[in-house]
Amino acid sequence: VALDDLTVDLPKGEVIGILGKNGSGKSTLLKIITGVMQPSSGSVETDGRIAAMLELTAGFDQELTGIENIYLKALSMGISREDISRRLDDIIAFADIGDHINDPVRTYSSGMKSRLGFAVSVNVDPDILVVDEVLAVGDDVFRLKCIEKMKQFRAMGKTILFVSHSLFTVKAFCTKGMWLCGGKLMAYGELGDVVKKYEAYLKAEKAKTIADRRLSGDDSPVEKSDIIEIKNFAMLNEVGEKASCFACGEDISLRFDYTVKRPIDKLNFGVTLRDGEKR
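This report concerns the structure included in the present document. (Residues numbered from 1 in each chain as written. Predicted model: local features only at pLDDT ≥ 70, side-chain atom pairs only at ≥ 80, totals over all residues. Heavy atoms only, no water.)

### Considerations on the overall build of the protein chain
Selection rule: The numbering of helices and of strands both runs from the N terminus, where a helix is a DSSP run of H or I of at least 4 residues and a strand a run of E of at least 2. By the convention used here, residues are in contact when the closest approach between their heavy atoms is within 4.5 Å. To measure how exposed things are, a 1.4 Å probe is used in the Shrake-Rupley method; for residues, cover is taken only from the protein chains shown. In this tally, Asp and Glu contribute negative charge and Lys and Arg positive charge; neither His nor the terminal groups of the chain are included. For charged residues, the charge sits on one atom: NZ in Lys, CZ in Arg, CG in Asp, CD in Glu.
Looking only at helices and strands, the protein chain features 7 helices and 8 strands. Each of the three principal axes of the protein chain carries a C-alpha extent, and together these read 65 × 50 × 35 Å. Nonlocal contacts in the protein chain, meaning residues at least 24 apart in sequence, comprise 62% of its contacts between residues at least 6 apart. Approximately 16600 Å² of the protein chain is accessible, and the part contributed by carbon and sulfur atoms is 50%. Measuring between centres, the 38 positive side-chain charges of the protein chain sit 4 Å from its 42 negative side-chain charges.

Quick look at the structure:
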């Protein structure tokens, strides 16, 4: 059972983050809401035009050009040819693939296809936007453009259903949360409460996995701290003081203690800098 007796109201104007591990029913729910799949029982009622970003390249004909596929995809979403023509320049500008817009889609990279699919979906003025792990399309500049467009939708009071495994993104972008587990609705409501329950669940699942492996005699590492443990980490400024903010061009020193728990040949340390979404 992909979804088990799920009954929920998704109010207009909310940005709802849908949480859950792989196989919990998130994508199935979105496919049913958008009409890609039909439920074996029950019903779904929607009010307004839906733009679904599930499979961004779905509906493309590989032999047609980018412009021809804009019309093809938008027509499949119920948009009239006249309406598409009025929005064509905006879609082309948003996709930002240059002269390739006149080439057959079969010559596109996967990133170019995704950009074109996203550009169509967000420029047909939907009432309900359904987003399933598609913010990784393209480069960082295009990704920021996608996020800004979705923020505009949020400010306009449109309804957004948002699936992402990045809790940082969900916390920053959504207003409500929904947690699915094994097809069942575990929690729904204010984002902070739902995220807190979901994080507690993930922590408990991780602890259970570690305990089960150790009970079975499997001593293979589960997490980094099983191999090496870092403690007392600090970032120091140019005068050797702990700091959290640094000026452009300033030298930074790193200080930490470490304990090696398993034999390691040729131990080397590296530093990786990531943003808030761990990219």
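### Side note on the nonpolar core
For clarity, the threshold we go by: Only buried residues count toward a nonpolar core. Its members are Ala, Val, Leu, Ile, Met, Phe, Trp, Tyr and Cys residues joined through side-chain atoms within 4.5 Å. Burial classification: accessible surface area is computed with a 1.4 Å probe over protein chains only, and a residue below 20% of its type maximum counts as buried, one above 50% as exposed, and the rest as partly exposed.
Of all hydrophobic cores here, the largest spans 44 residues; its most connected members are Ile 70, Phe 118, Leu 129, Met 150, Ile 160 and Phe 162. With 6 residues, the single largest contributor to this core is helix H4 (residues 110-122). Listed in part, the 11 residues of the second largest apolar core include Leu 30, Ile 33, Val 130 and Leu 180.

### Looking at the sheet that holds strand S4 (residues 159-163)
Heads up, the condition is: Note: two strands are recorded as paired if DSSP finds a minimum of 2 bridges between them. A fitted line through C-alpha atoms serves as each axis, taken over the contacting stretch for helices, and the angle formed by two N-to-C directions is quoted from 0 to 180°.
Taken together, the 6 strands give an open sheet; going across it, the order is S2-S3-S4-S1-S5-S6, and neighbouring strands pair in mixed fashion. At either end of the open sheet lies a strand with only one pairing partner, and these are strand S2 (50-53) and strand S6 (184-190). Adjacent strand axes in the sheet meet at a mean angle of 15° when their direction is disregarded. Together, strand S1 (15-19), S2, strand S3 (128-132), S4 and strand S5 (176-181) form the strand contacts of helix H1 (residues 26-34), whose direction differs from that of S3 by roughly 150°.

### As for the layout of surface pockets
Unfilled space is identified by rolling a water-sized probe across the atoms. Using the following cut-off: Buried and open spaces are told apart on a 1 Å grid over the protein atoms alone, a cavity being a set of points where a 1.4 Å probe fits but cannot get out and a pocket being an open set with protein on both sides within 12 Å along at least five of seven lines. Residues with an atom within 4 Å of a point are the lining residues. Grid points are joined across faces, edges and corners, and a volume is the space filled by probe spheres set on the points.
Counted as a void, the largest pocket has a volume near 920 Å³. Lining the largest pocket are 30 residues, with Val 8, Ile 33, Ser 43, Val 44 and Glu 45 sitting closest to its centre. Every element with two or more residues in the lining of the largest pocket is listed here: H1 and S4. Top contributing element to the lining of the largest pocket by residue count: H1, with 4 residues. Its volume calculated, the second largest pocket comes out at about 640 Å³. What lines the second largest pocket is a set of 15 residues, and nearest its centre among them are Lys 224, Ile 230, Phe 269, Gly 270 and Val 271.

### Structural notes on the packing of helix H2 (residues 66-76) against helix H3 (residues 81-95)
Going by this rule: Throughout, the term roughly parallel applies to angles under 35 degrees, roughly antiparallel to angles over 145, roughly perpendicular to angles from 65 to 115, and oblique to all others. In this scheme the crossing of two helices becomes right-handed for a clockwise turn of the near helix relative to the far one and left-handed for an anticlockwise turn of less than a right angle. In the scheme used here, Gly and all other residues not listed as nonpolar or charged are polar, with Ala, Val, Leu, Ile, Met, Phe, Trp, Tyr, Cys and Pro taken as nonpolar and Asp, Glu, Lys and Arg as charged.
H3 packs onto H2 with a crossing angle of 130° between their chain directions and a minimal axis gap of 10 Å. In terms of their interaxial angle, H2 and H3 are classed as oblique. Relative to H3, the crossing made by H2 is right-handed. Residue-level inspection shows Ile 67, Ile 70, Tyr 71, Ala 74 and Leu 75 of H2 in contact with H3, the latter providing Arg 81, Ile 84, Ser 85, Leu 88, Ile 91 and Ile 92. Looking at the contact of H2 with H3, its residues break down into 9 nonpolar, 1 polar and 1 charged.

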